[in-house]
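Letter by letter, the chains look like this.
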Amino acid sequence: MIKIRKTLSLVSALSALLAFSMPASAVSSVTYADPVPSTPGACDGGISYEWMAKMSDNHTISFVNHVGAKSFNEPPPAYEPPFTGWTHTSNWVAFELTKDAQVEIEVTRQEGVPYTSGSTVATARNKLVPAFAIYSGWDNTSCEDHRYNNAGNFDWSNIKYITNTPNKGGWPSVTRKIKLKAGKYSIAIGGTPKVLETYPDAATCDPATDAACYAYTGRHGYRVRVKTNPSRSESDNASTSGNSTNQ
Ligand SMILES: [Ca+2]
Ligand SMILES: [Ca+2]
């Protein structure tokens, strides 16, 4: 088991540096990039996307990174429903489909993801309760705000809410299958641990000795796998599931 964990950590470290794609035909692409970065000192460029991903209808892509522990569902008073997503600590994918497709998106917690903290490299934690929301369109023009609605539209952006996987079950992995038309989409990925009465204070709690501190603060690794298949003519059979296969 220890050997397997070490191998997984190595794989995740490599894939964080080199996003990889595995086209079954034609070409798919994944880049760690924002289609339109903001101008330094100005508030433009729309959403600060972490990833750009382009796929046709017979591809699989995968990538690894990290998000804030509660980034999909931050607590009041700083975050009041429905605007509970923290835009900057979530990860955003500028996703493009070149053909209509059945799209299966899986987001799983991932151990061993490195990230830069100040001038040192740290390792992201491994207690993410992953969730994601899908919107139509890309936002390359707005002034990105701190908060987004993970279950609806929000007025600072032009993207339009489609659906989400809120992961109420607290699973370490969530999967969504959805039929999408060719076009551009935005996908927000974040963490949504069970709601608490009182949250640990990230500034003072100790993740080494306090389990709630470990799970509810800091950066947590994730792995995404997106698989596309040719779109069929029958009605959409979108479904959501969670599982514990990563435990
Ligand atoms: Ca961002
Ligand atoms: Ca941008």
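Residues numbered from 1 in each chain as written. Chains lettered and ligands numbered in written order. Predicted model: local features only at pLDDT ≥ 70, side-chain atom pairs only at ≥ 80, totals over all residues.

**Here we look at the pairing of strand β7 (residues 101-109)**
When you tally the buried positions in β7, you get 7 out of 9 residues, the bulk of the element. In the sheet, β7 pairs with strand β15 (residues 219-230) via 9 bridges, with the strands oriented antiparallel. Its bridge partner being in β15, T108 is matched across the sheet by R223. (Buried ≥ 20, exposed ≤ 12 C-beta atoms within 10 Å, placed from the backbone. Helix = DSSP H or I, 4+ residues; strand = E, 2+ residues; numbered from the N terminus. Pairing = 2+ DSSP bridges.)

**Here's the deal with the sheet that holds strand β12 (residues 160-165)**
Picture the strands of a sheet paired through backbone hydrogen bonds; they go either parallel or antiparallel. Spatially, β2-β3-β6-β14-β10-β12 is the arrangement adopted by the 6 strands of the open sheet, whose pairing is mixed. Two strands bound the open sheet, and with one partner strand each, they are β2 (29-31) and β12. Neighbour-to-neighbour, the strand axes of this sheet turn through a mean angle of 20°, independent of strand direction. Where strand β6 (residues 91-97) and strand β14 (residues 183-191) come together, 7 bridges link them in antiparallel fashion. (Axes fitted to C-alpha atoms, helices over the stretch in contact; angles between N-to-C directions.)

**What about unusual backbone geometry?**
With an omega of 5°, the peptide bond between P76 and P77 qualifies as cis. Tracing the backbone through its elements, the reader meets P77 in the loop between β4 (59-68) and β5 (85-86). The linkage connecting P81 with the following residue, P82, adopts the cis geometry, with an omega of 5°. Relative to the elements of secondary structure, P82 occurs in the loop between β4 and β5. Residues other than glycine seldom take positive phi values, yet N167 does so here, at roughly 55°.

**Some thoughts on the environment of N140**
With respect to the secondary-structure elements, N140 resides in the loop between β10 (130-136) and β11 (147-148). Judged by local crowding, N140 falls into the partly exposed class, with 18 C-beta atoms found within 10 Å. Counting along the chain gives 92 residues from N140 to S48, while the straight-line C-alpha distance between them is 8.4 Å. When residues no more than four places from it in sequence are discounted, the contact partners of N140 are P35, V36, G45 and G46. (Contact = placed C-beta atoms within 7 Å.)

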